[in-house]
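This is what each chain is made of:
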Amino acid sequence: MALTLHGTVSDNTVALDRKTATPLIINGDMQIAQRGTSTADVGSTEGYITVDRFVFNQNGNPSARFTVTQDSDVPTGYGFAKSSKLDCTTAQGSLGSDDFLTIEHRLEGQNLQVLKKGTSNAEYLTIDFWVKTNKTGTYILEIRDIDNNRIITSTYAVSSANTWEKKVISFVGDTTGALDNDNAHSLQIAWCLFAGTDFTSGTQRTTWASRVNADRFVNQGVNLADSTDNNFFITGIQAEVGNFDSNSIPNFQFEDRTTSLARCQRYYYVHAEGLNKTIGAGANFSSSLLTCSVHFPTTMRSAPSLDQDTGTNYFRFSRSNNHDLFDSFTQLQRPSVNGVQLDNNSQISGTQGDGGSVYTYNSSAKLAFDAEL
């Protein structure tokens with residue numbers, strides 16, 4: 001489906017010509033943060049942290065550490081309320097040759113067929129975003145085709161310290177290598193924060209080429225880890241099909257919070273968190289086995305894995321004027337994209353056939369489901 005809009009922005013009159021009605025980037029305005037609003041010691045850990053759909057990927061064994069937060073520092077007057085902030089808490093002035101740290105957004109191939117990748121009609125893809133950092137210099141933005149092991153990169157310059165700047169970067173279409181039309185990880189967009197020589201000693205790939213590690217972050221001129229004074233903010237990330245510049249790029253495509261949350265929950269869904277939060281109806285399948293069904297509010301990308309914060313007596317099963325306290329769900333049964341069955345078969349003692357309610361019993365308890373790329 002194609003959507004063509006016409007409108008104006010405050011400083012330019014532009015024709016808005018979008019080839020996708022739904023934003024390709026999910027949560028580009030950083031509004032949704034199901035995992036929490038602050039995570040420390042990023043660098044020793046990696047993965048999806050704070051704001052949904054953005055993953056921190058590290059290589060090597062960097063000693064640098066960052067705290068990542070959902071922040072309210074945003075460009076003024078453009079409709080944004082949240083950003084993602086990295087604050088360097090442990091510096092690393094000298095990088096190991098195999099060190100790097102990136103922020104990535106990963107996309108399913110079935111949502112990218114509009115790019116016509118691998119055909120003679122391959123489309124440009126333009127990425128634009130707002131960035132603010134004290135660390136001026138040259139950074140690398142990489143697009144990586146996972147299905148065909150290909151990359152293309154571009155530099156962008158941060159010229160004014162501690163000032164929000166909008167960057168618009170167009171990448172030529174790739175006539176080699178079609179993206180798989182499925183729900184798997186096909187393409188990723190990566191913002192490099194630092195990189196060692198194993199990833200900077202080759203040739204910058206400003207046109208599509210087979211991935212060689214030495215080429216990935218060539219001309220990354222900034223080491224964001226070289227001082228604990230360093231920070232990096234980003235928000236307003238969008239991907240538009242077509243070749244745009246700063247004058248022609250369509251306005252950021254805001255989504256209402258309900259829609260944005262549902263799109264995030266396709267990949268990660270927090271079902272219950274905190275004290276006395278309902279999980280669902282449960283039953284004694286046998287005298288020592290609790291079963292509890294959970295139905296998801298939206299269809300997940302794939303049958304998820306269980307993500308739970310557990311501890312002594314974190315959960316409770318109440319029924320027939322009795323209850324059992326238990327530490328965790330010990331089994332995930334029959335997972336599907338629509339729901340799962342959760343069991344505990346180690347701390348339950350009751351009467352077969354009894355039904356009741358299952359809920360959290362500790363302020364630190366959490367029950368979530370992960371189907372991330």
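Thresholds, definitions, all that
Per chain, residues are indexed from 1 in the order of the written sequence. Only residues with pLDDT of 70 or above have their local features reported here, since the model is predicted, and side-chain atom pairs are shown and tallied only from 80 upward, although totals for entire chains, interfaces and linings are computed over all residues. Working from all heavy atoms in the structure, the side-chain values ignore hydrogens and water. Under the scheme used here, helices are H or I runs from DSSP no shorter than 4 residues and strands are E runs no shorter than 2 residues, and both carry numbers assigned from the N terminus. The contact definition used throughout considers only heavy atoms, calling two residues in contact when any of these lie within 4.5 Å. Here the accessible surface of atoms and residues is derived via Shrake-Rupley with a 1.4 Å probe, and residues count as covered only by protein chains that are part of the display. Think of a nonpolar core as a cluster: buried Ala, Val, Leu, Ile, Met, Phe, Trp, Tyr and Cys residues, connected wherever their side-chain atoms sit within 4.5 Å. Whether a residue is buried, partly exposed or exposed follows from its accessible area with a 1.4 Å probe, protein chains only, as a fraction of its type maximum: under 20%, in between, or over 50%, in that order. Criterion for a salt bridge: a side-chain nitrogen of Lys or Arg within 4 Å of a carboxyl oxygen of Asp or Glu. DSSP-based pairing: two strands are paired if at least 2 bridges between them are found. Axis definition: a line fit to C-alpha positions, over the contact stretch in the case of helices; interaxial angles, taken between N-to-C directions, run 0 to 180 degrees.

Enquirer: Help me understand the overall build of the protein in this model?
Expert: Helix and strand counts for the protein come out as one helix and 23 strands. Projected onto its principal axes, the C-alpha coordinates of the protein cover approximately 70 × 50 × 40 Å. Counted over contacts in the protein with a minimum sequence separation of 6, partners at least 24 positions apart contribute 74%. In the form shown here, the protein has an accessible surface area of approximately 15200 Å², with 42% of it arising from carbon and sulfur atoms.

Enquirer: Whenever I open this one, the nonpolar core confuses me. Can you help?
Expert: Side chains of nonpolar character tend, in soluble globular proteins, to be buried together. The biggest cluster of nonpolar side chains holds 46 residues, and the ones touching the most others in it are F66, I127, F129, Y156, W191 and F232. Not counting residues within four places of it along the chain, the set of residues in contact with F129 comprises L141, Y156, E165, K166, K167, I169, W191, I234, T235, G236 and I237. In this structure, C292, F317, V358 and A365 belong to the second largest nonpolar core, which totals 21 residues.

Enquirer: Help me understand the pattern of salt bridges, please; the structure alone is not making it clear to me.
Expert: Opposite charge on two side chains makes pairing possible when the charged atoms of those side chains draw close. Counted according to the given criterion, the structure contains 19 salt bridges. The partner of K116 in a salt bridge is E123, and the shortest N-O contact between them spans 2.9 Å. Residue class for K116 comes out partly exposed when judged on its relative accessible area of 38%. Overall, E123 belongs to the buried group, its relative accessible area being 15%. The salt bridge involving D307 is made with K366; its shortest N-O contact spans 3.4 Å. Residue D307 is located in strand β18 (residues 305-309), and its partner K366 is located in strand β23 (residues 355-370); the two are separated by 59 residues in the primary sequence. Classification of K366 by relative accessible area gives buried; the value is 8%. Three or more residues are tied together by salt bridges with common partners; here these are K117, D145, R150 and D174.

Enquirer: Explanation requested: unusual backbone geometry in the structure shown.
Expert: Peptide bonds are trans in most cases, and residues, glycine excluded, mostly fall at negative phi. Of note in this structure, N27 is not a glycine but carries a positive phi near 65°. Tracing the chain through its elements places N27 in the loop between β2 (13-18) and β3 (38-42). In this model, N276 sits at a positive phi of 55°, which is unusual for a non-glycine residue. Here N276 lies in strand β16 (residues 268-286).

Enquirer: Which parts of the structure should I look at to understand the environment of G356?
Expert: Mapped onto the secondary structure, G356 falls in strand β23. The class for G356 is buried, based on a relative accessible area of 19%. Between the C-alpha atoms of G356 and S260, which are 96 residues apart in sequence, the distance is 33 Å. With residues up to four places along the chain from it excluded, the contact list for G356 reads G280, A281, G282, F317, S318 and R319.

Enquirer: What exactly am I supposed to notice about the sheet that holds strand β12 (residues 165-171) here?
Expert: Taken in spatial order, the six strands line up as β3-β6-β7-β15-β9-β12 in an open sheet, and their pairing is antiparallel. Since the sheet does not close on itself, it has two edges, and those belong to β3 and β12, each with one partner. With strand direction ignored, the average angle separating the axes of adjacent strands in the sheet is 25°. Pairing of strand β7 (residues 83-90) with strand β15 (residues 231-241) involves four bridges; the strand directions are antiparallel. The residue of β15 that forms the bridge with K85 is F233.

These results come straight from atomic positions and should not be treated as a statement about function.
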